Amino acid sequence: MRTWWILAAALAAAPALAEDLPTVRLELKDGKLNPARLMVPAGKKFKIEVINSGKTPVEFESTQLRKEKVLAPGAESFVVINPLSPGEYKFFDEFHMATAQGVIVAK
């Protein structure tokens, strides 16, 4: 019975922890990224809110960061990125490779 309470407390705290993360917003729309350059704090975990405001599916992907997220038209989601060293990290929309290339800059 005690284990159940510990698990319940941990699950209740999880959403609050996610809300406290520095957050950047990324809009993907039919092969365009807005913004294409995301500025984030180096050395801190952060969240990217990913919004597909277009009429086609999109896939936020970064091979350097080992993250990917597919979204249907009109969908919203997020990815959490562990602390990064200062530098630049490429990302792209795999469904629109020719036009949707971006970079995360950790400073």
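Structure: see above.
Just so we're clear, the structure is a prediction, and the values are computed from it rather than from any experiment. (Residues numbered from 1 in each chain as written. Predicted model: local features only at pLDDT ≥ 70, side-chain atom pairs only at ≥ 80, totals over all residues. Heavy atoms only, no water.)

A. Quick peek at the environment of lysine 55. Looking at the element boundaries, lysine 55 is found in the loop between β4 (46-52) and β5 (58-62). Taking the relative accessible area as the measure of exposure, lysine 55 reaches 74% and is therefore exposed. Excluding anything up to four places from it in sequence, lysine 55 contacts Asp30 and Pro73. (Helix = DSSP H or I, 4+ residues; strand = E, 2+ residues; numbered from the N terminus. Buried < 20%, exposed > 50% of the residue type's maximum accessible area, 1.4 Å probe, protein only. Contact = heavy atoms within 4.5 Å.)

B. Broad picture of the pattern of salt bridges. Applying the stated criterion across every chain yields a total of 1 salt bridge. Between arginine 37 and glutamate 88 there is a salt bridge whose closest N-O contact spans 3.2 Å. Of this pair, arginine 37 sits in strand β3 (residues 37-40) while glutamate 88 is found in strand β8 (residues 87-93), placing the two residues 51 residues apart along the sequence. (Salt bridge = Lys/Arg side-chain N within 4 Å of Asp/Glu carboxyl O.)

C. Spotlight on the sheet that holds strand β2 (residues 32-34). Strands sit in the order β2-β1-β4-β7 across an open sheet of 4 strands; the sheet is mixed. Among the strands making up the open sheet, the edge pair consists of β2 and β7 (76-81). Neighbour-to-neighbour, the strand axes of this sheet turn through a mean angle of 25°, independent of strand direction. Here strand β1 (residues 23-29) pairs with β2 via 3 bridges, running antiparallel. When the sheet's bridge partners are listed, lysine 29 is paired in β2 with lysine 32. (Pairing = 2+ DSSP bridges. Axes fitted to C-alpha atoms, helices over the stretch in contact; angles between N-to-C directions.)

D. Highlighting the nonpolar core. In this structure, Leu26, Ile48, Leu84 and Ile104 are the most contacted members of the largest nonpolar core, which totals 21 residues. Breaking this core down by element, the ones donating at least two residues are β1, β3, β4, β5, β7, β8 and β9 (101-106). With near-sequence residues (within four places) excluded, leucine 26 lies in contact with Leu33, Asn34, Pro35, Leu38, Ile48, Glu49, Val50, Ile51, Phe60 and Phe91. (Core = buried A, V, L, I, M, F, W, Y, C linked by side-chain atoms within 4.5 Å.)

E. Representation of the side chain of glutamate 59. Within the secondary structure, glutamate 59 is located in strand β5. Lysine 69 provides the closest opposite charge to the buried, salt-bridge-free glutamate 59, at an N-O distance of 11 Å. When neighbours within four sequence positions are excluded, glutamate 59 is seen to be in contact with Glu68, Lys69, Val70, Phe92, Asp93, Glu94 and Phe95. (Lys, Arg positive; Asp, Glu negative; His and termini not counted.)

F. Here's a closer look at the pairing of β4. In terms of residue burial, β4 counts as a mostly covered element, since 6 of its 7 residues are buried. In this sheet, β4 lies alongside β1 in parallel orientation, the contact comprising 6 bridges. The residue bridging valine 24 from the neighbouring strand is isoleucine 48, located in β4. Two elements, β4 and β7, share 6 bridges in a ladder whose sense is antiparallel. Bridging across to β7, phenylalanine 46 finds its partner in isoleucine 81.

G. Structural detail: the sheet that holds strand β6 (residues 67-71). Reading across from one edge, β3-β9-β8-β5-β6 is the order of the 5 strands in this open sheet, with mixed pairing throughout. Whereas interior strands pair on both sides, the edge strands pair on one side only; in this sheet they are β3 and β6. On average, each strand axis in the sheet is inclined to that of its neighbour by 20°, with strand direction left out of account. Looking at chain direction, β8 and β9 are connected through 6 bridges and run antiparallel. Residue pairing across strands places phenylalanine 91 opposite glycine 102, the latter belonging to β9.

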